[in-house]
Amino acid sequence: MEEASGFRKELVSKLLHLHFRDCKTKVSGDALQLMAELLRIFVLEAAARGVCQAQAEDLDVVDVDQLEKVLPQLLLDF
Amino acid sequence: MEEAEAEEQQRFSHRQRLKAAVHYTVGCLCQEVALDKQVQFSKQTIAAISEVTFRQCENFAKDLEMFARHSGDCFCPLRRHAKRSTVTTEDVKLLARRSNSLLKYITEKNEEIAQLNLERKAKKKRKPEDENRDFMELDADVVGSDS
């Protein structure tokens, strides 16, 4: 099975701990792996929806204008 | 106060490093999509997705922390739950509740991860037993060659 790109566990851990209010809060290893997957999906969705929008507008480059149109629904879905 | 300034500077650099790491991963993922769909992403788009992802992490983190803490706030007369300080996969699943397809995917991924980890643990347990077996075979060979 090919290893696709993704978020490393240590990065996810640091990102979460940056915003925890309680210094005692910890994250289980499994939860970190699952979060890495969730973030990966978030990015892939943003990218894929951007592509759909660009294709609908008959463009072959996804620019910020296209991304802006798909962002609201993306954030509502997450 | 110089110390406060130095600390502030350190926190800022740490934040910048994390943003850069997110940006790199986002870039890699966008490259995969670009290849797959034969469409390009402008640099600004990748930067924008990266920024949104970084900000979304703040929402995720705060929610996860609340979910874990909240698990101790139920007035169930049958059990006293201790407030949890460790975020678990159940908390992560709660994050994915807004979209049915997302929740389904995350739930399946969770089972995949659990299964993989179980298999890895089983492999680790087998290793020391294998080493003992090899050692004994070696002894038998030595005895065999003497005769």
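Report on the accompanying structure. Source: prediction; values computed, not measured.

1. Here's the deal with the overall build of chain B
In terms of regular secondary structure, chain B is built from four helices and two strands. The linear arrangement of helices and strands in chain B, starting from the amino end, is α-β-α-β-α-α. Looking at the 147 residues of chain B, the share that counts as buried comes to 29%. Surface summary for chain B: the accessible area is close to 11100 Å², and the carbon and sulfur share equals 53%.

2. A few points about the packing of aromatic side chains
All names here are of chain A. What the rule picks out here adds up to one aromatic pair over all chains. Arranged with centres 5.0 Å apart and planes meeting at 85 degrees, the rings of F42 and F78 form a pair that is edge-to-face. Highlighted residues: F42 in helix α2 (residues 29-56) and F78 in the segment after α3 (64-77), separated in sequence by 36 residues.

3. Observations regarding the nonpolar core
Within the largest apolar cluster, 54 residues are counted, with the highest numbers of intra-cluster contacts made by F7, L16, M35 and L38 of chain A together with F41 of chain B. Elements supplying a minimum of two residues to this core: α1 (9-17), α2 and α3 of chain A together with α1 (2-37), α2 (43-70), α3 (89-95) and α4 (100-146) of chain B. It is α2 of chain A that provides the largest number of residues to this core, a total of 15 residues. Ignoring anything within four residues of it in the chain, the contact list for L16 of chain A reads V27, L32 and M35 of chain A together with C57, A61 and L64 of chain B.

4. Quick word on the packing of α2 of chain A against α3 of chain A
Residues and elements named next belong to chain A. Orientation of α2 relative to α3, taken along the N-to-C sense of each, is 140 degrees, at an axis distance of 9 Å. In terms of orientation, α2 and α3 fall into the oblique class. Like other packed secondary-structure pairs, α2 and α3 cross with a definite hand, here right-handed. Here F42, E45, A46, R49, G50, Q53 and A54 of α2 come into contact with α3, specifically with Q66, L67, K69, V70, Q73, L74, L75 and D77. Along the lines of polarity and charge, the residues of the contact of α2 with α3 split into seven nonpolar, four polar and four charged.

5. Observations regarding α3 of chain A
Counted at 1.5 Å a residue, the expected span for α3 of chain A with its 14 residues is 20 Å, and the 20 Å between its end C-alpha atoms agrees. Its maximal kink placed at V70 of chain A, α3 of chain A deviates by approximately 40 degrees, while the proline P72 of chain A follows within four residues.

6. Some details on a positive patch on the surface
Taken together, K9 of chain A together with R120, K121, K123, K124, K125 and R126 of chain B make up a surface patch of like positive charges. Top element by residues in the positive patch is α4 of chain B. It accounts for six residues. Note that K124 of chain B resides in helix α4.

7. Details of the pattern of salt bridges
The tally for this structure, following the rule as stated, stands at 14 salt bridges over all chains. Where R40 of chain A meets E37 of chain A, a salt bridge forms, and the shortest distance between an N and an O atom there is 2.6 Å. Of this pair, R40 of chain A and E37 of chain A are both found in helix α2, three residues apart, which corresponds to roughly one turn of the helix. Note on E37 of chain A: relative accessible area 11%, which makes it buried. A salt bridge links E112 of chain B to K109 of chain B; its shortest N-O distance comes to 3.4 Å. With E112 of chain B and K109 of chain B both in helix α4, this residue pair falls three residues apart, about one helical turn. Among the residues examined, E112 of chain B registers a relative accessible area of 43% and is labelled partly exposed. What you see here is one network of salt bridges that share partners, running through E45, R49 and D77 of chain A.

8. Re the interface of chain A and chain B
A common way to state how big an interface is: give the accessible area lost once the parts meet. Taken residue by residue, the interface counts 47 residues in chain A and 51 residues in chain B. Interface area for chain A against chain B, summed over the two sides, is near 4700 Å², with a carbon-plus-sulfur share of 74%. Of all residues in chain A, H19, L34 and F78 of chain A bury the most surface against chain B, accounting for 14% of the area lost on that side. The interface formed by chain A and chain B holds zero salt bridges in total. Every element with two or more residues in the side of chain A that touches chain B is listed here: α1, β1 (26-27), α2, β2 (61-62) and α3 of chain A.

Scoring rules and cut-offs
Residues numbered from 1 in each chain as written. Chains lettered and ligands numbered in written order. Predicted model: local features only at pLDDT ≥ 70, side-chain atom pairs only at ≥ 80, totals over all residues. Heavy atoms only, no water. Helix = DSSP H or I, 4+ residues; strand = E, 2+ residues; numbered from the N terminus. Buried < 20%, exposed > 50% of the residue type's maximum accessible area, 1.4 Å probe, protein only. Areas by Shrake-Rupley, 256 points an atom, 1.4 Å probe, with all protein chains shown as cover. Phe/Tyr/Trp six-rings, centres within 6.5 Å; stacked < 30°, edge-to-face > 60°. Core = buried A, V, L, I, M, F, W, Y, C linked by side-chain atoms within 4.5 Å. Contact = heavy atoms within 4.5 Å. Axes fitted to C-alpha atoms, helices over the stretch in contact; angles between N-to-C directions. Parallel < 35°, antiparallel > 145°, perpendicular 65-115°, else oblique. Left-handed = near helix turned anticlockwise from the far one by under 90°. Nonpolar A, V, L, I, M, F, W, Y, C, P; charged D, E, K, R; others polar. Expected span 1.5 Å × (residues − 1). Bend = angle between axes of the 7 residues up to and from the residue. Patch = residues over 30% accessible without salt bridge, like charges linked within 9 Å, V, L, I, M, F, W, Y side chains within 5 Å. Salt bridge = Lys/Arg side-chain N within 4 Å of Asp/Glu carboxyl O. Lys, Arg positive; Asp, Glu negative; His and termini not counted. Charge placed at Lys NZ, Arg CZ, Asp CG, Glu CD. Buried area = accessible area lost by both parts, 1.4 Å probe.

Keep in mind these values describe shape, not function.
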